[in-house]
Amino acid sequence: MTVVPKSSVPGSPLSGPSASGKSNAGSKPGLSYAGRGSLDYGPPPSATSTASFRANKVSSTTVVISVRGEIDLLSVNAFRDYLSSQVVPGRTLVVDMSDLEFMGMCGLSSLSILATLTRDAGGALALICGRPVQRLLKAAGQESMFDCYTSLEHAVGLGETKRFLA
């Protein structure tokens, strides 16, 4: 599988700055990455034919990874590799999958690997789950295995809020 840079994917939601010169990728109502002093972090944003990923550091110990598109057999290896590259000791990873259109069982396997890597590194993992991810977790009986949140605001407050189920 080939992973191409975001600039090579025309029309991608992560294809770079808008006409105003500001990037609109990863923006959510109510929480501005720029307002939190964020910056693009880690490997460059990447995309496959079905999915795109982008990491933003929102604090010294928290990285938000935005995932869009579909996590299927075509994109799962890039998804797993990109998420795994963000694991460092003591870091909280927030995986924002609220804009994900589809996730297959192979994506759940990648999340399980990420949960183990993060835990072993002394970090934390929080998921922002859209309907496709909620349905998959429920169908697989894995709802209690992950900390799922309904919004980025709740997930970033992971240190203050123990669990806010989606």
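Residues numbered from 1 in each chain as written. Predicted model: local features only at pLDDT ≥ 70, side-chain atom pairs only at ≥ 80, totals over all residues. Heavy atoms only, no water.

Looking at the confidence of the model for the protein
The condition that has to hold: The quantity called pLDDT is the predictor's confidence in a given residue, expressed from 0 to 100. Secondary structure elements are defined from DSSP: runs of H or I of at least 4 residues count as helices, runs of E of at least 2 residues count as strands, and each element is numbered from the N terminus. Any two residues whose heavy atoms approach within 4.5 Å at even a single point are treated as in contact.
On average, residues of the protein score 76 in pLDDT, and 66% of them are at 70 or above. Within the protein, strand β1 (residues 4-5) has the poorest average pLDDT of any element, 38, and helix α2 (residues 105-120) the best, 96. Confidence drops under pLDDT 50 across residues 1-42; counting only partners more than four residues distant or on other chains, this segment forms 77 contacts. Segment residues 159-166: pLDDT under 50, and 19 contacts once partners within four positions in sequence are set aside and those in other chains are kept.

Observations regarding the nonpolar core
Quick reminder of the rule: Working definition of a nonpolar core: buried Ala, Val, Leu, Ile, Met, Phe, Trp, Tyr and Cys residues. They are joined through side-chain atoms within 4.5 Å. Remark: exposure states derive from per-residue accessible area (1.4 Å probe, protein chains only) relative to the maximum for the residue type, with buried under 20%, exposed over 50%, and partly exposed in between.
The biggest cluster of nonpolar side chains holds 28 residues, and the ones touching the most others in it are V67, I71, F79, M97, M103 and L127. Apart from the residues within four sequence positions on either side, M103 is in contact with I71, F79, M97, L108, L111, P132, V133 and L136. Listed in part, the nine residues of the second largest apolar core include V58, I128, L152 and A155.

Some thoughts on the packing of helix α1 (residues 76-84) against α2
Helix-helix packing is characterised by the crossing angle of the two axes and by the distance between the axes. To be explicit about the condition: To obtain an axis, a line is fitted to C-alpha atoms, over the contacting stretch when the element is a helix, and the angle between two such axes runs from 0 to 180 degrees between their N-to-C directions. Between 65 and 115 degrees an angle is taken as roughly perpendicular, under 35 as roughly parallel, over 145 as roughly antiparallel, and anywhere else as oblique. Here a crossing is taken to be left-handed if its near helix is turned anticlockwise relative to the far helix by less than a right angle, and right-handed if that turn runs clockwise. For this classification, Asp, Glu, Lys and Arg are treated as charged, while Ala, Val, Leu, Ile, Met, Phe, Trp, Tyr, Cys and Pro are nonpolar and the rest, including Gly, are polar.
Contact geometry for α1 and α2: axes closest at 10 Å, N-to-C directions at 15 degrees. As far as their axial angle goes, α2 and α1 are roughly parallel. Our pair here, α1 against α2, has a crossing hand that is right-handed. Taken together, the residues of α2 that come into contact with α1 (itself represented by V76, F79, R80, L83 and S84) are C106, G107, S110, L111, I113, L114 and L117. When grouped by side-chain class, the residues that make up the contact of α1 with α2 number eight nonpolar, three polar and one charged.

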